[in-house]
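# Structural features, examined
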Amino acid sequence: MNYLENKLQEQTPTLQEQEKLKNIVSAIASDINAICKTEGIDATPLEVGSVSKGTNLKSSDIDLFITFSRSYPVEYIEKKGLEIGHAVLENAIEKYAEHPYVSGSVSGIKIDIVPAFRINEGERIVSSVDRTPLHTIYVKSRTDSKMVHDIRLLKVFLKEINVYGSEVAKSGFSGYICEIAIIAFGTFEKFIQYMANLKGKLIVPENCDKEFNEPVIIIDPVDPTRNAGAAVSVENLSKLKLAAKLYVTRREDILFNPEPVIKYDRKTIMKAFVLKKPDIIDDIIYPQAVRLKNRIWDIFQKSGFMPFSSELYMGENIEILIEYMRNKLPDAQKHMGPPAESNESIKFIDAWKGNSRLMRGPYIMGDRIYVDTKPRYTELEEIIKIELEKSDIGKNLNQYKGEIKVVSGKDVNKLNVAKKFYSKSLF
Ligand SMILES: Nc1ccn([C@@H]2O[C@H](COP(=O)(O)OP(=O)(O)OP(=O)(O)O)[C@@H](O)[C@H]2O)c(=O)n1
Ligand SMILES: [Mg+2]
């Protein structure tokens, strides 16, 4: 048996485990039914997600919906959904996606209980979770046991190369995309063969005429206005393309055994910027952390410190690492002015006249005027502080800009972000 089939066998739930999941689902479902009956609520429990389709791996969660009649207002189903969720799931916590839901666990299995509207095929949805029950119907009606096997195989493959999961910080392939891909291509082998030769965007179905900007366009069969592949980053698409090439050419040596070279003495300079991650879900914080990283990079770049690599790690803290080449700025920096022919050129000359920071010029190079100037600030940390003060990082991180800790020298290597930086490999 090959490496991948082996992994699949390890990760496929046993019959007992499937039985256990079924029992948990039916126990909670009957509790939900009882509550709805007593209180006269027109709602029914419905199992969705990979467990309902038999495409789950050992690590996957149970997704249980409470589908309410469309005659209720959204506010009612949000409130009742949480209430029922807490009543049937002990020690659960509330989470927020488009709407709030309840998340907890029973005998070590994670369960989400999500309120939604009961929607028939073709009816307009109210929020994106309303589609989910239709996904179950779609997938179950179009898969046989060989395809279910191949969907699981694809999930295992994507997990091996680290691109499975549609959460924002992962920006990978969701379970539902795996299902659509196998239904569209027929088998795992055919899909991987296609990916090995694909140039440019992944578009499913190939002849789709919808305009989407994302690198992966996978039309949701139950709602053709939605791109189910919108979350996949171009980097993760590239990883899948390369992994598929390695798979079809049987280069398991590279595919499953990446051995990145790690040499610590790079003769470069590193600094890390660390702040506590606010207690808000990662899907919201992560894009702001990326923005902060990009902003810090820009400041290094614009002020002349010559950055050339960066890394972001998000755990309990947000850690940003910048690797750069110059720790001290020289006294003279080139500062570009307007084109000589423009009406701004005389203003530029006047503005620099008599300025004590002027080191040379003004002079003309090509079609523009330049001056060489002493930088206003020379201390990196001071520059970062001043510039970040002026930057908009995002609603949740803006208030913590002043609390960013700067880590330098050997201490950088103790951080998680440094581990991530040094161990970077293909997948
Ligand atoms: N980006 C996403 C995430 C979820 N879903 C829908 O929500 C269901 C449950 O989501 P999730 O648990 O994330 O995915 P699963 O398909 O259950 O896969 P896994 O085995 O990883 O749990 C999916 O089946 C799918 O119908 C979706 O359409 N798009
Ligand atoms: Mg799931």
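This is a predicted model, so every value here is computed, not measured. (Residues numbered from 1 in each chain as written. Chains lettered and ligands numbered in written order. Predicted model: local features only at pLDDT ≥ 70, side-chain atom pairs only at ≥ 80, totals over all residues. Heavy atoms only, no water.)

With that settled, the discussion passes to the coordination of the magnesium ion (ligand 2). Protein coordination at the magnesium ion (ligand 2): the donors are Asp-61 (OD) and Asp-63 (OD), at 2.2 to 2.3 Å from the metal. Given a relative accessible area of 18%, Asp-61 falls into the buried group. (Donors = N, O, S within 2.8 Å, 3.2 Å for Na, K, Ca; no water. Buried < 20%, exposed > 50% of the residue type's maximum accessible area, 1.4 Å probe, protein only.)

The next subject is the sheet that holds strand 3 (residues 93–96). On the basis of which strands lie adjacent, the open sheet formed by five strands has the order 1-2-5-4-3 and mixed pairing. Sheet topology places strand 1 (43–48) and strand 3 at the edges, where each strand pairs with a single neighbour. Each strand axis lies, on average, 30 degrees off the axis of its neighbour in the sheet, ignoring direction. (Pairing = 2+ DSSP bridges. Helix = DSSP H or I, 4+ residues; strand = E, 2+ residues; numbered from the N terminus. Axes fitted to C-alpha atoms, helices over the stretch in contact; angles between N-to-C directions.)

This part covers the pattern of salt bridges. One pass over the full model with this rule turns up 24 salt bridges. With its nearest N and O atoms 2.9 Å apart, the salt bridge here joins Asp-150 to Lys-146. Highlighted residues: Asp-150 and Lys-146, both in helix 6 (residues 145–160), separated by four residues, approximately one helical turn. Judged by relative accessible area, Lys-146 falls into the partly exposed class, the value being 46%. Of the charged contacts, one joins Glu-387 and Arg-295 as a salt bridge, the two residues approaching to 3.6 Å between their closest N and O atoms. (Salt bridge = Lys/Arg side-chain N within 4 Å of Asp/Glu carboxyl O.)

For helix 6, built from 16 residues, the straight-helix expectation of 22 Å at 1.5 Å per residue is met to within 8% by its first-to-last C-alpha distance of 23 Å. When we look at burial in helix 6, the residues that qualify are Met-147, Val-148, Asp-150, Ile-151, Arg-152, Leu-153, Leu-154, Lys-155, Val-156, Phe-157 and Leu-158. (Expected span 1.5 Å × (residues − 1).)

Moving on, we come to the packing of helix 2 (residues 15–39) against helix 4 (residues 74–88). Following both chains from N to C, one finds helix 2 and helix 4 inclined at 125 degrees, their axes separated by 10 Å at the closest point. On the basis of their axis angle, the class for helix 2 and helix 4 is oblique. Two packed elements cross with a definite hand, and for helix 2 against helix 4 that hand is right-handed. When helix 2 is examined against helix 4, the residues Ile-28, Asp-31, Ile-32, Ile-35, Cys-36 and Glu-39 are found in contact with a partner set consisting of Lys-80, Glu-83, Ile-84, Ala-87 and Val-88. Of the residues in the contact of helix 2 with helix 4, the class split is seven nonpolar, no polar and four charged. (Parallel < 35°, antiparallel > 145°, perpendicular 65-115°, else oblique. Left-handed = near helix turned anticlockwise from the far one by under 90°. Contact = heavy atoms within 4.5 Å. Nonpolar A, V, L, I, M, F, W, Y, C, P; charged D, E, K, R; others polar.)

On to the sheet that holds strand 7 (residues 216–220), then. As summarised here, the arrangement of the three strands in space is 6-7-8, forming an open sheet in which the pairing is mixed. Taken across any chain shown, the strands that pair with only one partner, and hence form the sheet edges, are strand 6 (202–204) and strand 8 (223–227). Each strand of the sheet is rotated relative to its neighbour by a mean of 20 degrees, with strand direction disregarded. Taken together, the two bridges between strand 7 and strand 8 define a ladder with antiparallel strand orientation. Across the sheet, the residue bridging to Ile-219 is Asn-227, located in strand 8.

Grouped together as the largest cluster of nonpolar side chains are 74 residues, with contacts concentrated most on Phe-157 and Leu-202. Setting aside chain neighbours within four positions, we find Leu-202 in contact with Phe-173, Tyr-194, Met-195, Pro-215, Val-216, Ile-217, Ile-218 and Leu-237. Counting 24 residues, the second largest nonpolar core, distinct from the first, contains Tyr-286, Leu-292, Ile-296 and Ile-322. (Core = buried A, V, L, I, M, F, W, Y, C linked by side-chain atoms within 4.5 Å.)

Between its first and last C-alpha, helix 4 extends 21 Å over 15 residues, near the 21 Å set by a 1.5 Å rise per residue. Regarding helix 4, the residues found buried are Ile-77, Lys-80, Gly-81, Leu-82, Ile-84, Gly-85 and Val-88. Contacts made by the buried residues of helix 4 are with helix 2, strand 2 (62–68), strand 3, strand 4 (100–106) and strand 5 (109–117).

Lining the immediate environment of ligand 1, one finds 14 residues, of which Ser-50, Lys-53, Asp-61, His-135 and Tyr-164 sit closest. In the model, an oxygen atom of ligand 1 is placed 2.7 Å from a nitrogen or oxygen of the Ser-50 side chain. Between an oxygen atom of ligand 1 and a side-chain N or O atom of Asp-63, the distance comes to 3.0 Å. Within the complex, 76% of the 560 Å² of free accessible area of ligand 1 lies under protein. Here the shell around ligand 1 gets three residues from one element, more than from any other, and that element is helix 3 (residues 49–53). Here the residues of the shell around ligand 1 sort into two nonpolar, seven polar and five charged. Counting contributing residues per domain, the shell around ligand 1 is built from domain 1 (13–138) and domain 2 (143–255), each supplying no fewer than three. (Near = heavy atom within 4 Å. Polar contact = N/O pair within 3.5 Å; in protein donor to acceptor, adjacent residues only side chain to side chain. Areas by Shrake-Rupley, 256 points an atom, 1.4 Å probe, with all protein chains shown as cover. Domains from an automatic or database assignment.)

Before going further, it helps to examine the UniProt feature "binding site: Mg(2+)" (unreviewed entry) in the chain. Summarizing the sequence annotation, UniProt attributes the feature "binding site: Mg(2+)" (unreviewed entry) to Asp-61, Asp-63 and Asp-112 in the numbering used throughout. The annotated residues occupy 52 residues of the chain but converge on a single region, no pair of C-alpha atoms lying more than 7.6 Å apart. Examined against the element boundaries, Asp-63 turns out to sit in strand 2. The exposure class assigned to Asp-63 is buried, which follows from its relative accessible area of 17%. (UniProt positions renumbered as here; feature names shortened; annotations may be inferred.)

Quick look at the environment of Gln-301 now. Looking at where Gln-301 falls in the secondary structure, it is placed in helix 11 (residues 282–302). Between the C-alpha atoms of Gln-301 and Glu-75, which are 226 residues apart in sequence, the distance is 48 Å.

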